[in-house]
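Examining the three-dimensional arrangement
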Amino acid sequence: MRGRIALIGGGFSTDEDGVLDDWVLGQARVPRPTVCFVPTASGDAPGYIEKFFDAFRAKDCELSVLPLFRRELDDIALREFLLAQDVVYVGGGNTANLLAVWRVHGVDRLLREAYARGTLLCGISAGANCWAEGSHTDSFGPLTHLPDGLGLLPGSVCPHYDSEPGRRSSYRAAVARGDLADGWAVEDGAAALFTDGRLAEAVTRLPEARLYRVRAGGEAGTVEEAVDCRLLGG
């Protein structure tokens, strides 16, 4: 079974058209997938959970949520629950806190197992950062590098590459210094699918939104290469 990860620059959190979320569901291994929303990075915020259900309720899938701040499942039930999912969709928030909570509850190990079994792992912002070896984050207040993650996706990730002031320059500086490995920068409106750690497809809901490969080197300290993206619905 091949491991797959999708980085989402938008989705139900910010977009009204549902285009990127429909694309995610289209990558599932079955026509009517089981989809679990994991809102750990937001502290299991009730409004965020409600927004997820409102956005996905009309789609052809079976929905669930995994709360960890008021955990309901024992270890055996938690493993059975996560391994029964076709898609695990991780929400945004604080990447560092997400990783810490997952490790306390053993969710990091279970997600590795799910990945090896072919579950599609995906997410936005912190939910994109968590899969890589490191990421660019505001988990500690100011924008900085976080050399930590599940390591299922080689290298680093930077979300909100075009929409948050300082993201582009700060991420490139971290890669240039070697604080973060070469990686992927996702603009809002774009998304990327990786199979066994390699880019399989890049898509966008907006003609101008892009995915970038950022590498150390060159006169400026980094080389930024735009990836061709397929326009969804186009």
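Here, every reference points to the structure presented above.
Residues numbered from 1 in each chain as written. Predicted model: local features only at pLDDT ≥ 70, side-chain atom pairs only at ≥ 80, totals over all residues. Heavy atoms only, no water.

As enumerated under the stated definition, the model contains 16 aromatic pairs in all. Taking 5.6 Å as the distance between ring centres and 55° as the angle between the ring planes, the aromatic pair formed by tyrosine 161 and tyrosine 212 counts as tilted. With tyrosine 161 in the loop between strand 8 (153-158) and helix 7 (167-177) and tyrosine 212 in strand 12 (residues 211-216), this pair connects stretches of sequence that are 51 residues apart. Here tyrosine 161 matches tyrosine 212 in class, with each residue buried. (Phe/Tyr/Trp six-rings, centres within 6.5 Å; stacked < 30°, edge-to-face > 60°. Helix = DSSP H or I, 4+ residues; strand = E, 2+ residues; numbered from the N terminus. Buried < 20%, exposed > 50% of the residue type's maximum accessible area, 1.4 Å probe, protein only.)

Another point: helix 4 (residues 95-105). Residues of helix 4 that are buried include every one of Thr95, Ala96, Leu98, Leu99, Val101 and Trp102, and no others. Structurally, helix 4 contributes buried residues whose contacts are with strand 2 (34-38), strand 4 (87-90), helix 5 (107-116), helix 6 (126-129), strand 6 (132-137) and strand 7 (144-146). You can read the cap of helix 4 off the contacts: a side-chain oxygen lies 3.1 Å from the backbone nitrogen of alanine 96, and it is on asparagine 94. Immediately beyond the C-terminal end of helix 4, within one or two residues, lies glycine 106, with a positive phi of roughly 75°. (Contact = heavy atoms within 4.5 Å. Polar contact = N/O pair within 3.5 Å; in protein donor to acceptor, adjacent residues only side chain to side chain.)

This part is about the pattern of salt bridges. Considering all chains together, one arrives at 19 salt bridges under this definition. Glutamate 113 serves as the salt-bridge partner of arginine 117, at 3.4 Å between the closest nitrogen and oxygen. Taking the relative accessible area as the measure of exposure, arginine 117 reaches 42% and is therefore partly exposed. Of the residues examined, glutamate 113 reaches a relative accessible area of 24% and is grouped as partly exposed. Each of Arg168, Arg172, Glu187 and Glu224 takes part in salt bridges that share partners, so that together they form one network. (Salt bridge = Lys/Arg side-chain N within 4 Å of Asp/Glu carboxyl O.)

This part covers the pairing of strand 12. As paired elements, strand 9 (residues 183-186) and strand 12 share four bridges and run antiparallel to each other. Within strand 12, the position partnered with tryptophan 184 by the bridge is arginine 213. As defined by bridge partners, strand 12 adjoins strand 13 (residues 222-227) across six bridges and the pair is classed as antiparallel. Paired with leucine 211 across the bridge in strand 13 is valine 227. The hairpin turn running from strand 12 into strand 13, its antiparallel successor, is five residues long, and glycine 217 in that turn takes a positive phi close to 135°. (Pairing = 2+ DSSP bridges.)

Strand pairing in a sheet takes place through backbone hydrogen bonds and is either antiparallel or parallel in direction. The sheet built from eight strands is open, its strands ordered 3-2-4-5-1-10-11-14 with mixed pairing. Two strands bound the open sheet, and with one partner strand each, they are strand 3 (62-65) and strand 14 (230-231). Of the pairings in the sheet, the one linking strand 1 (residues 4-8) to strand 10 (residues 190-195) comprises five bridges and is antiparallel in character. Across the sheet, the residue bridging to isoleucine 5 is phenylalanine 194, located in strand 10. On top of the sheet, helix 1 (residues 19-26) reaches strand 1, strand 2, strand 4, strand 5 (120-124), strand 10, strand 11 (198-204) and strand 14; it is set at about 15° to strand 10, its chief contact. (Axes fitted to C-alpha atoms, helices over the stretch in contact; angles between N-to-C directions.)

Now for the packing of helix 3 (residues 75-83) against helix 5. Running from amino to carboxyl end, helix 3 crosses helix 5 at an angle of 35°, the nearest separation of the two axes being 9 Å. The interaxial crossing formed by helix 3 with helix 5 has right-handed handedness. Judged by residue contacts, Leu78, Arg79, Leu82 and Leu83 of helix 3 engage Val107, Leu110, Glu113 and Ala114 from helix 5. Broken down by class, the residue content of the contact of helix 3 with helix 5 amounts to six nonpolar, no polar and two charged. (Left-handed = near helix turned anticlockwise from the far one by under 90°. Nonpolar A, V, L, I, M, F, W, Y, C, P; charged D, E, K, R; others polar.)

This brings us to the environment of lysine 51. Here lysine 51 is to be found in helix 2 (residues 46-56). You can call lysine 51 partly exposed: its relative accessible area is 40%. Distance from lysine 51 to threonine 204, taken between C-alpha atoms, is 22 Å for residues 153 residues apart in sequence.

The backbone of aspartate 44 sits at a positive phi, close to 60°, despite the residue not being glycine. Residue placement: aspartate 44 occurs in the loop between strand 2 and helix 2. One non-glycine residue, aspartate 196, adopts positive backbone phi at about 50°. Among the secondary structure elements, aspartate 196 is positioned in the loop between strand 10 and strand 11.

Once that is clear, we can look at the sheet that holds strand 9. Pairing is mixed in the open sheet, where six strands are placed in the order 7-6-8-9-12-13. Looking at the sheet topology across the chains shown, the edges are occupied by strand 7 and strand 13. Taking each pair of neighbouring strands and ignoring which way they run, the sheet shows an average axis angle of 25°.

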